[in-house]
Amino acid sequence: MDWHQLFGFTLSPWEIMLRGTVMYLGLFVLFRVIIRRRVGAVGMADILILVIVADAAQNGMAGEYKSITEGLLLVLTILGWNVLIDWLTYRFPALQGVLEPPPLLLIDRGRILRRNLRHELIAESELYAKLREQGVSDPSEVERAYIEADGQVTVIKKK
């Protein structure tokens, strides 16, 4: 067993610290200053971006790229595509219907639409939990309830 290979450094510790620092500060600026979510909801596309950026940033920090700049360029490219797609869906509303699913009705005038629950693979117990979060104890109190594109459940109570 080669103990040096297990516990030794393949890169200089200073290089590792510099790479980590630059990638952290670069991502910090991108996410805190440039990519601030206005609505406050995190959708599936946002999770996808986070996973891809994490992988790209890891390569920049671990030294699999020749330079930190290559890692930052890849992260900027990924985030650039995300911003462009967000801008296009804002600018051209017809694209929003293609790229984001419309809200799906789950309860209509107090009646649970089980077919729509099956379509989204939502158990009734999950729906009841979401209703309780909104202060509703029984579906009969609900005029309409929707599952939104970001996975949140919106409840409109009866008057």
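Look up: the structure comes first, before these words.
Position labels on residues start from 1 in each chain and follow its written sequence. The predicted origin of the model limits local features to residues at a pLDDT of at least 70 and limits the giving and counting of side-chain atom pairs to 80 or more, whereas totals for whole chains, interfaces and linings rest on all residues. As a rule here, side-chain values cover all heavy atoms of the structure and leave hydrogens and water aside.

A. Spotlight on the sheet that holds strand β1 (residues 104-108). A pair of strands is treated as paired once DSSP finds two or more bridges between them. Numbering goes from the N terminus for both helices and strands, where a helix is a DSSP run of H or I of at least four residues and a strand is a run of E of at least two. The four strands are arranged β2-β1-β3-β4 in an open sheet whose pairing can be described as antiparallel. Sheet topology places β2 (111-112) and β4 (153-157) at the edges, where each strand pairs with a single neighbour. Pairing of strand β3 (residues 142-147) with β4, which is carried by five bridges, proceeds in the antiparallel orientation. Bridge pairing in β4 places V142 opposite K157.

B. How the structure looks around the pairing of β1. Three exposure classes are used, based on accessible area relative to the maximum for each residue type with a 1.4 Å probe and protein chains only: buried under 20%, partly exposed in between, and exposed over 50%. Of all five residues that make up β1, four are buried, and the element is covered over most of its length. Relative to β3, β1 is paired through four bridges, and the arrangement is antiparallel. Counted as the bridge partner of L104 is I147 from β3. Pairing of β1 with β2, which is carried by two bridges, proceeds in the antiparallel orientation. Counterpart to I107 in the pairing with β2 is I112. From the end of β1 to the start of β2, which pair antiparallel, there are two residues, and R109 there has a positive phi angle of about 50°.

C. Seen up close, helix α4 (residues 68-91). In this scheme, a helix's expected span is set at 1.5 Å multiplied by one less than its residue total. For α4, spanning 24 residues, the distance from its first C-alpha to its last is 34 Å, which sits close to the expected 34 Å at 1.5 Å a residue. Taken together, the buried positions of α4 are occupied by I68, G71, V75, I78, L79, N82 and T89.

D. Representation of the packing of aromatic side chains. Any pair of Phe, Tyr and Trp rings, taking the six-membered ring for Trp, is counted once the centres come within 6.5 Å. Such a pair is stacked with planes under 30 degrees apart, edge-to-face with planes over 60 apart, and tilted for the rest. Going through the model one piece at a time under the given rule, you end up with one aromatic pair. Between W87 and F92, the ring centres sit 6.5 Å apart and the planes meet at 90°, which makes this aromatic pair edge-to-face. Two thresholds decide whether a charge sits over a ring: the Lys NZ or Arg CZ must be within 6 Å of the ring centre and within 35 degrees of the ring normal. Seen from the ring of F92, R91 lies directly overhead, with NZ or CZ sitting 5.4 Å from the centre.

E. Structural context of the nonpolar core. Definition of nonpolar core: a set of buried residues of the types Ala, Val, Leu, Ile, Met, Phe, Trp, Tyr and Cys, connected through side-chain atoms within 4.5 Å. Ranked by internal contacts, the top residues of the largest apolar core, which has 13 residues, are L106, I107, L127, L131, V142 and V155. Looking at this core, the elements that each hand over two or more residues are β1, α7 (124-133), β3 and β4. Those residues in contact with L127 that sit more than four places away from it in its chain are L106, I107, I112, L117 and I122. Contacts are assigned to residue pairs that have any heavy atoms within 4.5 Å of one another.

F. View of a nonpolar patch on the surface. Patch membership is restricted to residues that have no salt bridge and whose relative accessible area is over 30%. Joining uses 9 Å for like charges and 5 Å for the nonpolar side chains Val, Leu, Ile, Met, Phe, Trp and Tyr. For accessible areas, the Shrake-Rupley method is used with a probe of radius 1.4 Å. Any residue's cover is judged against the shown protein chains and nothing else. We count a salt bridge whenever a side-chain nitrogen from Lys or Arg sits within 4 Å of a carboxyl oxygen from Asp or Glu. A grouping of W81, L84, I85, W87, F92, L95, V98 and L99 is seen on the molecular surface, where their side chains present a nonpolar patch of about 800 Å² in accessible area. Tallying contributions element by element places α4 first for the nonpolar patch, with four residues. Relative to the helices and strands, L95 is located in helix α5 (residues 93-99). With a relative accessible area of 32%, L95 lands in the partly exposed category.

G. Layout of unusual backbone geometry. The phi dihedral of R109 is positive, around 50°, even though this residue is not glycine. Within the secondary structure, R109 is located in the loop between β1 and β2. Residue L121 is not a glycine yet carries a positive backbone phi of 55°. By relative accessible area, L121 is classed as exposed at 74%.

H. Local environment of the side chain of D108. Within the fold, D108 resides in strand β1. For D108, a relative accessible area of 14% puts it in the buried group. Here D108 is in contact with L113, E143 and R144, once residues within four sequence places are set aside.

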